[in-house]
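Below, each chain spelled out in residue letters.
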Amino acid sequence: MLPAYRALFTVAYFLILLFTSFIPPLPFIGFRQCLKKWRTGAPSWNKGRIYHLNAADEFIEAYSSQNQQDMARFLDARAQEVVEGGLMILCFPGRPDGTLPSHFIANVLLYLLGSCLLDMANKSTVYERTISVSYRQEGKRSREMALEKEMRDECGAYPMKSGDGLHSYSNNSYFQREVVNASKQLVTEAIVENLDILKSSPSTTIRVADLGCSVGPNTFLAVQNILEAIELTCQNQRLLKSQIPEFQVFFNDQTSNDFNTLFSTLPPNRPYHAACVPGSFYSRLFPNHSLHIVHSSASIHWLSRVPKKVVDRTSPAWNKGRIYYLNAADEVVEAYSAQCAEDMGRFLKARAEEIADGGLMILIFSARPNQIPHSQLIANLINNMLGSCLIDMAKKGIVSEEKLDTFNLPVYHMSPQELEEAVERNGCFSIERMSSLSFSSSSLPSLVSTYQKAQAISFHIRAVTEELIKAHFGEEILDQLFDSYSKKLEEEYYSMIESSVLNLCSVLKRKKTMN
């Protein structure tokens, strides 16, 4: 029986390798190139098969040639990235030298899969011309999605609306884009005047992180502004071409963010190496002193969670019948303010450990002017109006009051003074600049009527809150909710735009670490 168990173990081992290691992105870099050859009647056309086992010699040579080309590109890229003396460990299911392809179990398994597809083609279950290799790991992906949901539920984090549809963030983030455009001059001046790393180490790789990147394209515009400012600094310092640094850019957002959409729209000729770093920016994300510039726009007004007290029925801060702190009891406002102070403490502590001495952090956010009541901030009025629509739906029985009483937006617009106090408590940064941006939310492009402007604002709010609302109330209420919301915005538009608007650009500089 021992040989039988050994054979069973061997098969199981190769199955695990097949479905965990055998399908990395690397071997498929040139897959479409091979596919073009196969479908043009070339000698390597693999008609009636999905794999190279038992195929014509020309087809096997095409696979081998593609593998050599891909490995050369792979090794060339790693040779430029790995430091001298560094290691690269490659684990993969290989075919022993001298062993025929037909004697390799991984090849046999794929060949059997192909034979099943051919049987289906013979029965007209699939079209013969569409047969090709496709790998999916539904079980693994389902577990990943369940884990992501668990993490979101624990921290209250839900991403912006993904994709590129009518209500997507990509198509409804005009306000954020205008803020990035308005900040360009301030960002350029701040980098030219304050970025010291180029003077001490001109050939250093500059590492930039955009926190709260969402799905683009605004994040690419922000990064472009930063890199152009660094290049201008290099020109001003008359650096030699060999001294101009390389750029590495990290795009960060919650683990549930639609990074697929983000990276599928990366600028094709970008002058930087891109990577995503999923996770909450209220915790550590990067190694010690590894970043030179951190940028965050339209993000830090999102709290790490809804304050616990506002959903606690036994607390004086229970926010019954509301979804926001506007016009709520003082205890509710204090709970939101305390949560913001706690979050900013964690945010600054993490960044102080990650940013190199002399590095910069650029924070752009919608703020409440000092001494101005919360009720006079347009962003608060807009959020509160969404709450009034949900209250109307609760009165009509469309949503339950219990659901309404346990839903609150995890958003707080702090004042410049509150930011200054958080920076002072942290003690690791100096505030180099704090300026308001000249941008009005009423300046919407190509929109003439109040109806159009109200609808644009409604689409914008839907793009940033849909996932949050859907998770709590269900998807079926979304259209009715935002139709009602658009009408309320139209009715209150002119009184609303007279309220205060403050988009703040704050530039912080990492102080030198005491030895």
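Up top is the structure.
Residues numbered from 1 in each chain as written. Predicted model: local features only at pLDDT ≥ 70, side-chain atom pairs only at ≥ 80, totals over all residues. Heavy atoms only, no water.

S.K.: Could you clarify how one ought to interpret the pattern of salt bridges in this entry?
M.R.: Close approach of charged atoms allows side chains with opposite charge to pair. The tally for this structure, following the rule as stated, stands at 16 salt bridges. Glu467 is paired through a salt bridge with Lys470; the nearest N and O atoms lie 3.6 Å apart. Taken together, the residues span about one helical turn, with Glu467 and Lys470 both in helix α14 (residues 450-473) at a distance of 3 residues. Among the residues examined, Glu467 registers a relative accessible area of 17% and is labelled buried. (Salt bridge = Lys/Arg side-chain N within 4 Å of Asp/Glu carboxyl O. Helix = DSSP H or I, 4+ residues; strand = E, 2+ residues; numbered from the N terminus. Buried < 20%, exposed > 50% of the residue type's maximum accessible area, 1.4 Å probe, protein only.)

S.K.: What is the right way to read the packing of aromatic side chains from this model?
M.R.: For any two aromatic rings, the description comes down to two numbers: the centre-to-centre distance and the angle of the planes. Counted under the stated rule, the structure contains 15 aromatic pairs. Plain terms: the ring middles of Phe281 and Tyr282 are 4.9 Å apart, the flat faces sit at 70° to each other, and that makes the pair edge-to-face. The same class applies to Phe281 as to Tyr282, namely buried. Taken together, a centroid distance of 5.2 Å and an interplanar angle of 45° make the contact between Tyr325 and Tyr412 tilted. Remark: Tyr412 occurs in the loop between α12 (401-405) and α13 (416-426) and Tyr325 occurs in the loop between β4 (291-297) and α10 (330-354); sequence separation between them is 87 residues. Considered together, Tyr325 and Tyr412 belong to a single accessibility category, that of buried residues. Members of the aromatic cluster, joined through ring pairs, are Phe220, Phe251, Phe263 and Tyr272. Here Arg78 stacks its cationic end above the ring of Phe74, 5.0 Å away from the centre of that ring. Directly above the aromatic system of Phe347 lies the positively charged group of Arg351, at a separation of 5.0 Å from the ring centroid. (Phe/Tyr/Trp six-rings, centres within 6.5 Å; stacked < 30°, edge-to-face > 60°. Lys NZ or Arg CZ within 6 Å of the ring centre and 35° of its normal.)

S.K.: How should I be thinking about α14 in this particular structure?
M.R.: Residues separated by three or four positions in an α-helix point in the same direction, a consequence of the helix having 3.6 residues per turn. Across its 24 residues, α14 extends only 29 Å between first and last C-alpha, which sits more than 12% below the 34 Å expected from 1.5 Å per residue. By the largest-angle criterion, Thr465 marks the main kink of α14, which is about 60°. Most of α14 sits inside the fold, with 17 of its 24 residues counted as buried. Positive phi appears at Gly474, one or two residues downstream of α14, with a value of about 100°. (Expected span 1.5 Å × (residues − 1). Bend = angle between axes of the 7 residues up to and from the residue.)

S.K.: Would you mind going over unusual backbone geometry with me for this structure?
M.R.: Among all residues except glycine, the phi angle is most often negative; among peptide bonds, the trans geometry is most common. You will see that His289, though not glycine, has its phi angle at about 50°, which is positive. Residue placement: His289 occurs in the loop between β3 (273-278) and β4. With a phi close to 60°, Asn327 is a non-glycine residue in the positive phi region. As for its position among the elements, Asn327 is in the loop between β4 and α10.

S.K.: What should I look at first to understand the state of the cysteines in this one?
M.R.: Should the sulfur atoms of two cysteines be covalently bonded, the bond is a disulfide. Within this structure, the stated rule accounts for 0 disulfides. In this structure Cys276 is not part of a disulfide, and its nearest cysteine sulfur, from Cys213, lies 8.2 Å away. Judged by relative accessible area, Cys276 falls into the partly exposed class, the value being 36%. (Disulfide = S-S within 2.5 Å.)

S.K.: Explain the packing of α14 against helix α15 (residues 478-496) here, please?
M.R.: Two numbers describe a pair of packed helices, the interaxial angle and the distance between the axes. Viewed as axis vectors pointing N to C, α14 and α15 meet at an angle of 135°, and their least axial separation amounts to 8 Å. It follows from the interaxial angle that α14 and α15 lie oblique. Pair α14 / α15 crosses with right-handed handedness. Of the residues contributing to the contact of α14 with α15, the split by class is 13 nonpolar, 5 polar and 6 charged. (Axes fitted to C-alpha atoms, helices over the stretch in contact; angles between N-to-C directions. Parallel < 35°, antiparallel > 145°, perpendicular 65-115°, else oblique. Left-handed = near helix turned anticlockwise from the far one by under 90°. Nonpolar A, V, L, I, M, F, W, Y, C, P; charged D, E, K, R; others polar.)

S.K.: Is there a simple way to explain the nonpolar core in this structure?
M.R.: Side chains that are nonpolar tend, in soluble globular proteins, to be buried together. In terms of nonpolar packing, the biggest core is built from 77 residues, with Met344, Phe347, Leu348, Met361, Ile469, Leu481 and Tyr485 touching the most fellow members. Here this core gets 9 residues from one element, more than from any other, and that element is α10. Apart from the residues within four sequence positions on either side, Met344 is in contact with Ile300, Met414, Leu419 and Ala422. One finds Val187, Ile226, Ile230 and Ile362 within the second-largest nonpolar core, a separate group that totals 31 residues. (Core = buried A, V, L, I, M, F, W, Y, C linked by side-chain atoms within 4.5 Å. Contact = heavy atoms within 4.5 Å.)

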